[in-house]
Amino acid sequence: MSIATLPRRPLTPSTAHLTPEDIEAIGDELETLREELLASRGEKDARYIRSVIKLQRGLELSGRAILFAGWFPPAWIAGTAALSAAKILENMEIGHNVMHGQWDWMRDPKIHSTTWEWDNTSPAEQWKHSHNYIHHTYTNVLGKDRDIGYAVLRITPEQKWTPWRLGQPVYAALLAMFFEYGVALHDLEIENVRNGSKPRSETRAQLKAIGRKVRRQVLKDYVAFPLLALPVGAALPVLAANFTANIVRNVWSNLVIFCGHFPDGAEVFPSDQLENETKGEWYVRQILGSANISGGPLMHLATGNLSHQIEHHVFPDLPSNRYAEVAPRIRALCEKYDLPYNTDTLTGQITSTWKKIIRLSLP
């Protein structure tokens, strides 16, 4: 199909000034940029991910070692902080990005999307289906992308209001604290189980896999390590530290993800947006449905480089350490075509997101 015969899409106000030719030109420029970046991957990138894995393992080992003296308050604080940082790094910069296939080009069987199993209660295979396929294919398409509110929250006026929504600030807080369990249940698609469109046999198989993963995590953090610390009188401090580290990891992960998807300016699209969607339209949808968090290298590392959520949605298979490099070029492209490039400080995005959660809990 030529550009001239492309059907006009239902445009949002922010793209009303663009012609079909403009949209396809944006897609072409981003495709060219993607190929350039993928071709430039090399040893520097490989050293980066290996160094982050080494750092993460060092933090976890040192944190767990320090916690054997957890009955001493400064040791408990230091050990819990190190363990929390290790869990954040493992989930955000390592697990999320490795399972996206960002490092598959290295051909390292230990750092590969088909073999990595993260420190989380969500089985890797289920997460890759709900996230890599569903979310990244149908980003912010209402009725298709289940990450819009995580089937719990109303984060766009197009979602129906019911009295149950009045409690959504509480639901959002609970989801943040126990986010790994929300992620684990996400791919079950409970609504499809209820309406009978999903076989119960498939659901049972998924629940068994989740159960195995939860059991493994619980035994590791709440049984094995506390028992190891029992002879030195630190079983309870270790138990408390592991629980705290998991909550810290959950809240931080939830915060980063919500700030990348739900603040004001992150657009939601109708399902008919997908009809005959071109590559250019897909790219534009990724940009408009995402939001960035400004900050320095430490912020980007701690967020798994999802502080560059726009770049991640545009290039989900690009090594995460490259997002800071490519961000100015995507921002310049947005300026060239007068497209919004949603970025703000962490405080600004948190405030915007929570104002929306509270506002949309009401009719």
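Worth saying up front: this structure is predicted, and the values here are computed from it rather than measured.

**Observations regarding the overall build of the chain**
Then comes step 1: For the chain, the count of helices and strands is 14 helices and two strands.
Then comes step 2: Relative to the globule expectation of 21 Å for 363 residues, the C-alpha radius of gyration of the chain, 21 Å, shows essentially globular dimensions.
Then comes step 3: Sorting the 363 residues of the chain into buried and exposed places 52% on the buried side.
Then comes step 4: Intrachain contacts of the chain at a sequence separation of at least 6 include 70% that bridge at least 24 residues.
Then comes step 5: Roughly 16,400 Å² of accessible area belongs to the chain as shown, and the carbon and sulfur atoms make up 64% of that amount.

**Focus on the environment of Gly280**
Then comes step 1: Here Gly280 shows up in helix H10 (residues 279-288).
Then comes step 2: For the pair Gly280 and Leu30, spaced 250 residues apart in the sequence, the C-alpha separation amounts to 8.6 Å.

**Side note on the confidence of the model for the chain**
Then comes step 1: Here the chain averages 94 in pLDDT, while 97% of its residues score no lower than 70.
Then comes step 2: Every residue in residues 1-7 scores below 50 in pLDDT, and together they form 11 contacts with partners more than four places removed in sequence or on other chains.

**Details of the packing of helix H5 (residues 168-177) against helix H9 (residues 235-261)**
Then comes step 1: Contact geometry of H5 with H9 gives a least axis separation of 7 Å together with a crossing angle of 120°. With respect to H9, the axis of H5 lies oblique. Packed against H5, whose contacting residues are Leu175, Ala176 and Met177, the element H9 presents Ile247, Asn250, Val251, Asn254 and Phe258 at the interface.

**A few points about the pattern of salt bridges**
Then comes step 1: Taken as a whole and assessed by the stated rule, the structure comprises 18 salt bridges.
Then comes step 2: A salt bridge links Arg322 to Asp45; the nearest nitrogen and oxygen atoms lie 3.0 Å apart. Of this pair, Arg322 sits in the loop between helix H12 (309-314) and helix H13 (323-336) while Asp45 sits in helix H2 (residues 43-66), and the two are 277 residues apart along the sequence.
Then comes step 3: Relative accessible area serves as the criterion here: at 9%, Arg322 is assigned to the buried category.
Then comes step 4: For Arg64, the salt bridge is made with Asp221, and the minimal N-O distance between the two is 3.0 Å.

**A few points about the packing of aromatic side chains**
Then comes step 1: As enumerated under the stated definition, the model contains 11 aromatic pairs in all.
Then comes step 2: Ring geometry for Tyr48 and Trp103: centres 6.4 Å apart, planes at 25°, overall stacked. Here Tyr48 is found in helix H2, whereas its partner Trp103 is found in the loop between helix H3 (73-99) and helix H4 (124-137), with 55 residues between them in sequence.
Then comes step 3: Tyr48 gets classed as partly exposed once you look at its relative accessible area, which sits at 21%.
Then comes step 4: Ring centres of Trp164 and Tyr171 lie 4.4 Å apart, and the angle between their planes is 25°; on these two criteria the pair is classed as stacked.
Then comes step 5: Positioned over the ring face of Tyr138 is Lys144, at 4.6 Å from the centre of the ring.

**Describing H2**
Then comes step 1: Taking 1.5 Å per residue as the helical rise, H2 with its 24 residues ought to reach 34 Å, and the 34 Å between its terminal C-alpha atoms agrees with that figure.
Then comes step 2: Within the sequence span of H2, burial applies to Asp45, Ala46, Ile49, Val52, Ile53, Gln56, Gly63 and Arg64.
Then comes step 3: Residues of H2 that are buried make contact with H3, helix H8 (200-229), H9 and helix H11 (297-302).

**Quick look at helix H1 (residues 20-39)**
Then comes step 1: End to end, H1 covers 29 Å across 20 residues, agreeing with the expected 28 Å (1.5 Å per residue, within 8%).
Then comes step 2: Turning to H1, its buried residues are Pro20, Ile23, Glu24, Ile26, Gly27, Leu30, Leu33, Leu37 and Leu38.
Then comes step 3: On its buried face, H1 sits against H10, H12 and H13.

**Re the packing of H2 against H3**
Then comes step 1: Viewed as axis vectors pointing N to C, H2 and H3 meet at an angle of 150°, and their least axial separation amounts to 8 Å. The orientation of H2 relative to H3 falls into the category roughly antiparallel. Judged by the twist between their axes, the crossing of H2 over H3 is left-handed. Counting all contacts with H2, which are made through Tyr48, Ile49, Val52, Ile53, Leu55, Gln56, Leu59, Glu60, Ser62, Gly63, Arg64 and Ile66, the residues of H3 involved are Ala75, Ala78, Gly79, Ala82, Leu83, Ala85, Ala86, Lys87, Leu89, Glu90, Glu93 and Ile94.
Then comes step 2: Across the contact of H2 with H3, the residue classes break down as 15 nonpolar, four polar and five charged.

**Brief notes about a nonpolar patch on the surface**
Then comes step 1: Taken together, Val170, Leu174, Met177, Phe178, Phe243 and Val251 make up a surface patch of nonpolar side chains, about 500 Å² in accessible area.
Then comes step 2: Residue assignment for the nonpolar patch shows that the elements contributing at least two residues are H5 and H9.
Then comes step 3: In terms of residue count, the dominant contributor to the nonpolar patch is H5 (three residues).
Then comes step 4: Topologically, Met177 is positioned in helix H5.
Then comes step 5: According to the relative accessible area criterion, Met177 is partly exposed, its value standing at 35%.

**Focus on the environment of Lys198**
Then comes step 1: By the secondary structure assignment, Lys198 is in the loop between helix H7 (190-194) and H8.
Then comes step 2: For Lys198, a relative accessible area of 6% puts it in the buried group.
Then comes step 3: Note: C-alpha distance between Lys198 and Leu188 (10 residues apart in sequence) is 9.2 Å.
Then comes step 4: Once residues lying within four places of it in the same chain are set aside, the contact partners of Lys198 are Asp187, Leu188, Glu189, Asn192, Val193, Thr203 and Gln206.
Then comes step 5: In this structure the side chain of Lys198 is engaged in a polar contact, spanning 2.4 Å, whose partner is the side chain of Gln206.

Thresholds, definitions, all that
- Residues numbered from 1 in each chain as written.
- Predicted model: local features only at pLDDT ≥ 70, side-chain atom pairs only at ≥ 80, totals over all residues.
- Heavy atoms only, no water.
- Helix = DSSP H or I, 4+ residues; strand = E, 2+ residues; numbered from the N terminus.
- Rg over C-alpha atoms; globule rule 2.2 N^0.38 Å.
- Buried < 20%, exposed > 50% of the residue type's maximum accessible area, 1.4 Å probe, protein only.
- Contact = heavy atoms within 4.5 Å.
- Areas by Shrake-Rupley, 256 points an atom, 1.4 Å probe, with all protein chains shown as cover.
- pLDDT = per-residue confidence, 0-100.
- Axes fitted to C-alpha atoms, helices over the stretch in contact; angles between N-to-C directions.
- Parallel < 35°, antiparallel > 145°, perpendicular 65-115°, else oblique.
- Salt bridge = Lys/Arg side-chain N within 4 Å of Asp/Glu carboxyl O.
- Phe/Tyr/Trp six-rings, centres within 6.5 Å; stacked < 30°, edge-to-face > 60°.
- Lys NZ or Arg CZ within 6 Å of the ring centre and 35° of its normal.
- Expected span 1.5 Å × (residues − 1).
- Left-handed = near helix turned anticlockwise from the far one by under 90°.
- Nonpolar A, V, L, I, M, F, W, Y, C, P; charged D, E, K, R; others polar.
- Patch = residues over 30% accessible without salt bridge, like charges linked within 9 Å, V, L, I, M, F, W, Y side chains within 5 Å.
- Polar contact = N/O pair within 3.5 Å; in protein donor to acceptor, adjacent residues only side chain to side chain.

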